[in-house]
Structure formats: C-alpha cells, structure tokens
Amino acid sequence: MAIPKLMRAAIRALSKPDYDIKKTYRIVRRLEKVKGIQLVDPVYKPWNYYFTGGKREVPARVFESEKDRLTPNTLLFFHGGGWITGDIESYQETCIELSRMTGFRVISVDYRLAPEYRFPAGLDDCYLAAKEVFHRASFFHAQQDSVVLMGDSAGGNLAAAVSLKARDLGEFQFQKQILLYPSLYNDHHPETSPFDSVRENGTGNLLTAKQVDDYLELYKSSDEDLKDPYFAPLLESNFSNQPDTLILSAELDPLRDEGEAYGAALLKAGNLAEVHRIPEGLHGFFSNAGYLQQKKLSYQYINRFLNEGISHEDKTDTMGKIR
C-alpha cells in the first residue's frame, strides 16, 4: 500500500509552507460546494431536515437507500474541514459511500463554520442535532441504542466534544462513536507539541502542522478557548462514561499521535476503545477517492465495530493492535 514516488512528489508540492487558509478559505468553500453539487446518485435520494433550538435552525441531510429506509441503524456524521470549510454538499459523496458500505442511514449535520461563527457555535449545533436525534430517534426510524456518532478531522473533534458535554450535562448518551484522524489537542508547534507525529509529519503531507494551528486560530473565540476540553478534548481530566470508541489514525498525519493518545486516555478511564493506525494514510484519505486500500481497510474496522463492537476481553490490549 506504499504511496508511489510520483504521487509522493505531488503531495509534497501541494503541501506548500506558505499556504494560508486564513486568506483562501472562502475560495475553498466555493470549490467544495461545486464539487458536491455535481454528484447524482439514483439509489440514494437524500432529503433535508432542520434541527431546531430556540431561534436557530441547523440544516442536515439524510442519506439512505430505499432498502435501508426502515433500518434503525444510523450514523450521525459531523464533517471535517478544520471548522472552517466543508458542508453537506461537499461531503455528499462521502456520506453516500458511508451509507452504502455500512448499511446505516447517515445524517450529515451542516453546522456553522468559523471564522464567521467561532467556538462554540459549531459545537452547539452538533450538540443540538445529537440531542434531537437521540430523543426523536423514532422520527428517523432509528432507536437510541442504534445511533452512532461519527466525525472526521474537525468533525472527530466535534463528536468527541459532544460525547463529553452530553456526559457532563446528563441529557443523553450514545453507545458508540467513531473518530477518524480527529483533531483533539491545542498545540501543533514542532518545538512545543508533545507529539512526535507533529514533527515527523508536520510538513510535506498535505495537511501541515502550521495549517492545523491556523485552523484553531480561526476557530477559537479567545485564547481562553485553548484551555477548554470542549475545544481540545484531549485536555479533559475526566474521561469516564464515554461511548465505546473506534479511532482510526493515519500514519502520515500530524494529528496521528493525539488521536491515539485519546484512545489510550479512554481505555485508562475504563471505557472500551479500539485504535488502528492506517498504513500510508494521509490526513483526509477517507473522503479522497485516490486512497482505495486505506479506505478498504478502514471500512473493515468500521463494519466490525458497528456490527460486533469491542469485546470486553480485548479491552486491555486494543492499543497493542495499532496497525
């Protein structure tokens, strides 16, 4: 599954150190939206829904085939994009593939984006959606114990934060969550980060360590947010009573080690957690059509987790199964 030399050279060329998301995020949004609108799938005819709370509405899109319409199994999905880009349009293809490969309906949440809406706006939207799906599960032909939280990158951050906040407020609790190469920490400077992956993979691998900190800079409302576990879940001091968790990290991702550290923290607190490192995986591979082997392996882990869960016998050694 090694990345060919030509592709590796192209990846390095695209990983420009002077790339500034602060100046280009509006352009990225427009390009992503156009890409998403072009997708047409005759089997999956998505329908829109609006979660409501107070005076705000949070758009969402439900992806399910005709044969899956009555399944109780549901993935509540929070997209990536550094809290700055991404939406239900640009993630249509990913969500349709996710539903097709798992047999689960997928509810994709179009949470508010920074910098127009900074922390905790996006988290508040995701929390509102999770709370409503849990308490109105039957509306979606789901059951409370069959809904799984899922997110990639910034969406993994939001899923983890929703689970922590739900535990703290005692309003609901999902049984499972899936975090794909999640962003969970507040410092990605090579000199000060506690994680080797920031230094090993922080340049030349599409997502750079500098870009991660740029995203965080646009996401935060103030420097105080950097200390908030809902902003950076790995800062949490109490990891108890969390959902059974599957974490997939990417070998060549600067965020690799913080995702794996989160799995270790969950295990240490008595939860069931399983972590797998995807070989030759780059950040964002799951929503990229070019990484077929990495995606195939990921779906093997995801489907086993969804259908079989994590056995109690495996609880003490799952971190030794990183591959």
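Scroll up a little and you will see the structure.
Residues numbered from 1 in each chain as written. Predicted model: local features only at pLDDT ≥ 70, side-chain atom pairs only at ≥ 80, totals over all residues. Heavy atoms only, no water.

Q: Any chance you could explain the overall build of the protein chain here in plain terms?
A: Of the regular secondary structure elements, the protein chain holds nine helices and eight strands. When the 323 residues of the protein chain are sorted by exposure, 58% land in the buried category. Sequence-distant contacts in the protein chain: of pairs separated by 6 or more residues, those separated by 24 or more amount to 79%. (Helix = DSSP H or I, 4+ residues; strand = E, 2+ residues; numbered from the N terminus. Buried < 20%, exposed > 50% of the residue type's maximum accessible area, 1.4 Å probe, protein only. Contact = heavy atoms within 4.5 Å.)

Q: How do you make sense of the layout of surface pockets when you look at a structure like this?
A: Here the idea is plain: a probe the size of a water molecule rolls over the atoms and shows the empty space left. Roughly 180 Å³ of internal volume is contained in the second largest pocket. Lining the second largest pocket are twelve residues, with Arg-29, Gly-86, Asp-87, Tyr-111 and Leu-113 sitting closest to its centre. Partitioning the lining of the second largest pocket into residue classes produces three nonpolar, two polar and seven charged. (1 Å grid on protein atoms, 1.4 Å probe; cavity = no way out; pocket = protein on both sides within 12 Å on 5 of 7 lines; lining within 4 Å. Points joined across faces, edges and corners; volume = space filled by probe spheres on them. Nonpolar A, V, L, I, M, F, W, Y, C, P; charged D, E, K, R; others polar.)

Q: Please clarify how the packing of aromatic side chains should be interpreted in this entry.
A: Considering all chains together, one arrives at 20 aromatic pairs under this definition. Here Phe-139 and Phe-140 contribute two aromatic rings whose centre-to-centre distance is 5.1 Å and whose plane-to-plane angle is 85°, an arrangement assigned as edge-to-face. One aromatic cluster in this structure is built from Trp-47, Tyr-49, Phe-51, Phe-139 and Phe-140. Cation over ring: Arg-136 sits above Phe-139, and NZ or CZ is 4.6 Å from the ring centre. The positively charged end of Lys-176 is found above the aromatic ring belonging to Phe-305, 5.2 Å away from the centroid. (Phe/Tyr/Trp six-rings, centres within 6.5 Å; stacked < 30°, edge-to-face > 60°. Lys NZ or Arg CZ within 6 Å of the ring centre and 35° of its normal.)

Q: When you look at the sheet that holds strand β6 (residues 176-180) in this model, what are you seeing that I'm missing?
A: Through backbone hydrogen bonds, the strands of a sheet pair up, either in parallel or in antiparallel fashion. Within the open sheet, the eight strands sit side by side as β1-β2-β4-β3-β5-β6-β7-β8. Their pairing is mixed. Looking at the sheet topology across the chains shown, the edges are occupied by β1 (47-53) and β8 (273-278). Neighbour-to-neighbour, the strand axes of this sheet turn through a mean angle of 20°, independent of strand direction. Judged from the six bridges that link them, strand β7 (residues 244-250) and β8 form a sheet pairing that is parallel. Following the sheet pairing, Leu-248 is matched in β8 by His-276. Most of the contacts of helix α4 (residues 121-135) go to β1, to which it runs at about 105°, and overall it touches β1, β2 (56-63), β3 (74-78), β4 (105-109) and β5 (147-152). (Pairing = 2+ DSSP bridges. Axes fitted to C-alpha atoms, helices over the stretch in contact; angles between N-to-C directions.)

Q: Any chance you could explain empty space enclosed by the protein here in plain terms?
A: Using the criterion set out here, one finds one cavity of 30 Å³ or more in the structure. Of the volumes computed, that of the largest cavity is approximately 50 Å³. For the lining of the largest cavity, the element with the highest residue contribution is helix α5 (residues 154-169), accounting for four residues. Broken down by class, the residue content of the lining of the largest cavity amounts to six nonpolar, four polar and one charged.

Q: Can you walk me through the packing of helix α3 (residues 92-102) against helix α9 (residues 292-308) in this structure?
A: A pair of packed helices is characterised by two quantities: the angle between their axes and the separation of those axes. Where α3 meets α9, the axes come as close as 10 Å, and the angle between the chain directions of the two elements is 55°. Taken together, the axis directions place α3 and α9 in an arrangement best described as oblique. With respect to the hand of their crossing, α3 and α9 are arranged in right-handed fashion. Side by side, α3 and α9 meet where Glu-97, Leu-98, Met-101 and Thr-102 of the first sit next to Lys-295, Tyr-299, Ile-302, Asn-303 and Leu-306 of the second. Considered class by class, the residues forming the contact of α3 with α9 number five nonpolar, two polar and two charged. (Parallel < 35°, antiparallel > 145°, perpendicular 65-115°, else oblique. Left-handed = near helix turned anticlockwise from the far one by under 90°.)

Q: How should I be thinking about the nonpolar core in this particular structure?
A: Side chains of nonpolar character tend, in soluble globular proteins, to be buried together. Grouped together as the largest cluster of nonpolar side chains are 65 residues, with contacts concentrated most on Phe-51, Leu-76, Phe-78, Val-162 and Tyr-262. Residues contacting Tyr-262, with those up to four places away along its chain left out, are Ala-160, Leu-164, Leu-179, Leu-184, Pro-233, Leu-234, Phe-239 and Ile-247. Counting 32 residues, the second-largest nonpolar core is a separate cluster that includes Tyr-91, Tyr-181, Leu-252 and Tyr-299. (Core = buried A, V, L, I, M, F, W, Y, C linked by side-chain atoms within 4.5 Å.)

Q: Any chance you could explain the packing of α4 against α5 here in plain terms?
A: The N-to-C vectors of α4 and α5 enclose an angle of 65°; their axes lie 10 Å apart at closest approach. As judged from the angle between their axes, α4 and α5 are roughly perpendicular. The interaxial crossing formed by α4 with α5 has right-handed handedness. For the pair α4 and α5, contact is made by Gly-122, Leu-123, Asp-124, Cys-126, Tyr-127 and Ala-130 and by Leu-158, Ala-161, Val-162, Lys-165, Ala-166 and Leu-169, respectively. Class assignment for the residues of the contact of α4 with α5 results in nine nonpolar, one polar and two charged.

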